[in-house]
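Here are the chains, one letter per residue:
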Amino acid sequence: MIFNLLATETAAKSTSSFSMIIMLVVMVALMYFVMIRPQKKKQAEEQKLRDSVQIGDEITTIGGISGRIVTVKEDSVVIETGADRTKIKFMRWAIQTNDTANARMAEEKAALEAAKKAEKDEKKAGKRRSKKDGEAE
C-alpha cells in the first residue's frame, strides 16, 4: 500500500514537472514571436534604409536635422542644411528617415491604386456594355 502511494506521488510530480517544462517552452516561443522577431525585422529594415541612401536624397537624422546628402562614405554621410548650405557630417546609423525614398514609395502606391481603380472602372464599363448588348438583341 505504501509502495502504491509513493509510486502515485512520484508519477504526479513527474507529470507536473513535464507540464511546467512545456509551459516554459511555450512562453519562450511566444516571447520570440511577439517581441524578438518584430524587433529584428525593424532593425533589418532600418539597415536597408541606411544602406540605400544616395547623393541628393533628403534625409532626417535621429536628432531631427533635415538636409540633402552631398557625400556618401562607407560609414558616414555629409548633408547640406539650411539656406546658407551648411555642411554637417553624420554617421550612417544616425539616419532616421529617407524622405526622398518615402516620397517615391508614396508616388508608387498612388500610381498602383490609380491603376487598380482604372482597371475596376474598365471592368464595370465592360459589364455595362455587355448588358446593353443583351437588351438590344
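Residues numbered from 1 in each chain as written. Predicted model: local features only at pLDDT ≥ 70, side-chain atom pairs only at ≥ 80, totals over all residues. Heavy atoms only, no water.

(A) Main features of the overall build of the chain. The helix and strand tally for the chain stands at two helices and five strands. In sequence order, the chain lays out its α and β elements as α-β-β-β-β-β-α. When contacts within the chain are restricted to residue pairs at least 6 apart in sequence, those whose partners lie at least 24 apart make up 36%. Put simply, the chain shows about 11500 Å² of open surface, and 61% of that area lies on carbon and sulfur atoms. (Helix = DSSP H or I, 4+ residues; strand = E, 2+ residues; numbered from the N terminus. Contact = heavy atoms within 4.5 Å. Areas by Shrake-Rupley, 256 points an atom, 1.4 Å probe, with all protein chains shown as cover.)

(B) Structural detail: the layout of surface pockets. Its boundaries defined by the atoms lining it, the largest pocket holds a volume of some 220 Å³. Residue lining of the largest pocket: Glu45, Lys48, Leu49, Ser52, Gln54, Asp57, Asn98, Ala101, Asn102, Arg104 and Met105, and that is the complete set. Every element with two or more residues in the lining of the largest pocket is listed here: α1 (2-51) and α2 (99-136). If one sorts the elements of the lining of the largest pocket by residue count, α2 sits on top with four residues. Residue composition of the lining of the largest pocket, by class: three nonpolar, four polar and four charged. (1 Å grid on protein atoms, 1.4 Å probe; cavity = no way out; pocket = protein on both sides within 12 Å on 5 of 7 lines; lining within 4 Å. Points joined across faces, edges and corners; volume = space filled by probe spheres on them. Nonpolar A, V, L, I, M, F, W, Y, C, P; charged D, E, K, R; others polar.)

(C) Spatial organisation of unusual backbone geometry. A positive phi angle, close to 55°, is found at arginine 85, a residue other than glycine. Topologically, arginine 85 is positioned in the loop between β3 (76-81) and β4 (86-91). On the basis of relative accessibility, which here comes to 58%, the residue arginine 85 falls in the exposed class. (Buried < 20%, exposed > 50% of the residue type's maximum accessible area, 1.4 Å probe, protein only.)

(D) Region of interest: the nonpolar core. Core analysis: the biggest nonpolar cluster contains nine residues, these being Leu49, Val53, Ile59, Ile69, Val77, Ile79, Phe90, Ala94 and Ile95. Those residues in contact with phenylalanine 90 that sit more than four places away from it in its chain are Thr61, Ile65, Ser76, Val77 and Ile79. (Core = buried A, V, L, I, M, F, W, Y, C linked by side-chain atoms within 4.5 Å.)

(E) Geometry of a nonpolar patch on the surface. A cluster of nonpolar side chains, Leu30, Met31, Tyr32, Phe33, Val34, Met35 and Ile36, forms an exposed patch at the surface whose accessible area comes to about 720 Å². Here phenylalanine 33 is to be found in helix α1. (Patch = residues over 30% accessible without salt bridge, like charges linked within 9 Å, V, L, I, M, F, W, Y side chains within 5 Å. Salt bridge = Lys/Arg side-chain N within 4 Å of Asp/Glu carboxyl O.)

(F) Fine view of the packing of aromatic side chains. One pass over the structure, following the stated rule, counts one aromatic pair. Judged by centre distance (5.2 Å) and plane angle (80°), the ring pair of tyrosine 32 and phenylalanine 33 falls under edge-to-face. (Phe/Tyr/Trp six-rings, centres within 6.5 Å; stacked < 30°, edge-to-face > 60°.)

(G) Local environment of the sheet that holds β3. Strand order in this open sheet of five strands is β4-β3-β2-β1-β5, and the pairing throughout is antiparallel. Taken across any chain shown, the strands that pair with only one partner, and hence form the sheet edges, are β4 and β5 (95-98). The mean inter-strand angle of the sheet, taken between neighbouring strand axes irrespective of direction, is 45°. (Pairing = 2+ DSSP bridges. Axes fitted to C-alpha atoms, helices over the stretch in contact; angles between N-to-C directions.)

(H) Region of interest: the pattern of salt bridges. Using the criterion set out here, one finds four salt bridges in the structure. Arginine 104 is the partner of aspartate 57 in a salt bridge, and the nearest nitrogen-oxygen pair spans 3.3 Å. Residue aspartate 57 is found in the loop between α1 and β1 (58-61), and its partner arginine 104 is found in helix α2; the two are separated by 47 residues along the sequence. The buried category is assigned to aspartate 57, whose relative accessible area is 4%. Here arginine 85 makes a salt bridge to glutamate 80, at a shortest N to O gap of 3.7 Å.

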